[in-house]
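Now for the letters of each chain:
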Amino acid sequence: MTTAKLIVGNWKMNGLMTDSRERTQKLATAANSHKATEFQMVVCPPATMVDIVAAALKGSEIKWGGQDCHSQQSGAFTGDISAEMLKDLGCSYVIVGHSERRQHHRETSVMVAAKAKAAHAAGLTAIICVGELDHERTAGQANRIVSEQLKASIPDTATPQNTVIAYEPIWAIGTGKTASSEDIRQMHALIRSQVGALPILYGGSVKAANAAEILHIPNVDGVLVGGASLKADEFLAIAQASQ
Ligand code: PGA
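Residues numbered from 1 in each chain as written. Predicted model: local features only at pLDDT ≥ 70, side-chain atom pairs only at ≥ 80, totals over all residues. Heavy atoms only, no water.

(A) Main features of the nonpolar core. In this structure, Ile7, Met41, Ile191 and Tyr202 are the most contacted members of the largest nonpolar core, which totals 59 residues. Among the elements that line this core, the one with the most residues is helix α10 (residues 232-240), at five residues. Ignoring sequence-local partners within four residues, the contact set of Ile7 consists of Phe39, Gln40, Met41, Val42, Leu215, Val223, Phe235, Ile238, Ala239 and Ser242. Of all hydrophobic cores here, the second largest spans twelve residues; its members include Val8, Tyr93, Ile95 and Leu201. (Core = buried A, V, L, I, M, F, W, Y, C linked by side-chain atoms within 4.5 Å. Buried < 20%, exposed > 50% of the residue type's maximum accessible area, 1.4 Å probe, protein only. Helix = DSSP H or I, 4+ residues; strand = E, 2+ residues; numbered from the N terminus. Contact = heavy atoms within 4.5 Å.)

Following this line, the structure appears as structure tokens:
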């Protein structure tokens, strides 16, 4: 793919008003002075910070998104947030099926597909996450697990314009361990054969020091960054590694 690399920051459950505003303003200032065509940055803060991030990013080159959405548009779902609500805050993206949601909230691939469908209906691009556990890879099951997750998590409304796949081996998330370039190359080739033109991100301990290598692997259309997206300079350096 020759399109701009997608560099997505997932802040997870981190960020209060002051630090969120400062970090985002720093990103917006830097992005405006670069006018990059090689990458598109996206910031996904906690739901409570979306409005603050949106205010800081308005008019900049950077887009923003949510970390999860409900599969219904509205209703009696205490504590949940709909895709339409995120759209209302100017979001362009929403992450669905992150392994932390699959693990801690028992989300199944069927639920993930319903969330992605809701995102599409609201006019958002869904970033659908898949990935295998450590013991699944050791047992030689990684391909089968990821393949099954893809089959069940991508709704029939998906197009290359409204859907992005993020491959995140679970054992590489927040651990400082990244998959080898060869493992990433193989898995992304497998995913490509299954999802056609949908963009594919890699995620799991991506940082400035390894971003250039990862971003230049075939079928890696961008990265999903957790911990390293909490530092504006580090996140910018990751984006600039696309060049
Ligand atoms: P990490 O998280 O970069 O901190 O490993 C990635 C993710 O969970 O999206």
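There is more to say after this.
(B) Main features of the packing of helix α9 (residues 208-215) against α10. Viewed as axis vectors pointing N to C, α9 and α10 meet at an angle of 20°, and their least axial separation amounts to 8 Å. One finds that α9 runs roughly parallel with respect to α10. Seen along the crossing, α9 lies across α10 with a hand that is right-handed. In this structure, α9 uses Ala208, Ala211 and Leu215 to contact α10, whose residues at the interface are Glu234, Ala237 and Ile238. (Axes fitted to C-alpha atoms, helices over the stretch in contact; angles between N-to-C directions. Parallel < 35°, antiparallel > 145°, perpendicular 65-115°, else oblique. Left-handed = near helix turned anticlockwise from the far one by under 90°.)

(C) Structural detail: the sheet that holds strand β4 (residues 93-96). Strand order in this closed barrel of eight strands is β1-β2-β3-β4-β5-β6-β7-β8, and the pairing throughout is parallel. Adjacent strand axes in the sheet meet at a mean angle of 25°, parallel and antiparallel pairs treated alike. Bridge analysis of strand β3 (residues 63-66) against β4 gives two bridges, and the strand direction is parallel. Bridge pairing links Gly65 to Tyr93 in β4. Helix-sheet contacts for helix α5 (residues 109-121) involve β4, β5 (125-130) and β6 (163-167), and the interaxial angle to β5 is about 165°. (Pairing = 2+ DSSP bridges.)

(D) Inspection of the environment of Leu230 at higher detail. Here Leu230 lies in the loop between β8 (222-225) and α10. Sequence separation between Leu230 and Gln141 is 89 residues, and the spatial gap between their C-alpha atoms is 32 Å. With near-sequence residues (within four places) excluded, Leu230 lies in contact with Trp11, Asn14 and Arg23.

(E) Seen up close, the layout of surface pockets. Looking at the largest pocket, its volume works out to about 570 Å³. Residue lining of the largest pocket: 22 residues in total, with Lys12, Met13, Gln67, Asp68 and Arg101 positioned closest to the centre. Element by element, the count of residues in the lining of the largest pocket is highest for helix α4 (residues 99-104), at three residues. Tallied by class, residues from the lining of the largest pocket come to eight nonpolar, nine polar and five charged. Considered class by class, the residues forming the lining of the second largest pocket number five nonpolar, nine polar and three charged. (1 Å grid on protein atoms, 1.4 Å probe; cavity = no way out; pocket = protein on both sides within 12 Å on 5 of 7 lines; lining within 4 Å. Points joined across faces, edges and corners; volume = space filled by probe spheres on them. Nonpolar A, V, L, I, M, F, W, Y, C, P; charged D, E, K, R; others polar.)

(F) Geometry of the packing of helix α7 (residues 142-153) against helix α8 (residues 181-195). α8 packs onto α7 with a crossing angle of 30° between their chain directions and a minimal axis gap of 11 Å. With respect to α8, the element α7 is oriented roughly parallel. Relative to α8, α7 is oriented so that their crossing is right-handed. On the side of α7, the interface is formed by Ala142, Asn143, Val146, Ser147, Leu150 and Lys151, while α8 contributes Met187, Leu190, Ile191, Gln194 and Val195. A per-class count over the contact of α7 with α8 returns seven nonpolar, three polar and one charged.

(G) How the structure looks around the pairing of strand β2 (residues 39-44). Summarising burial for β2: six of the six residues are buried, a large majority. Of the two faces of β2, the one holding Phe39, Met41 and Val43 and the one holding Gln40, Val42 and Cys44 are both buried throughout. Sheet topology note: the strand β1 (residues 5-10)/β2 ladder contains six bridges and is parallel. Among the inter-strand pairings, Val8 is bridged to a residue of β2, identified as Val42. Pairing analysis gives two bridges linking β2 to β3, with the strands arranged parallel. Bridging from a neighbouring strand, Val42 pairs with Lys63 of β3. In this fold, the crossover linking β2 to β3 by way of helix α2 (residues 50-57) has right-handed handedness. (Right-handed = clockwise from strand over helix to strand, strands pointing away.)

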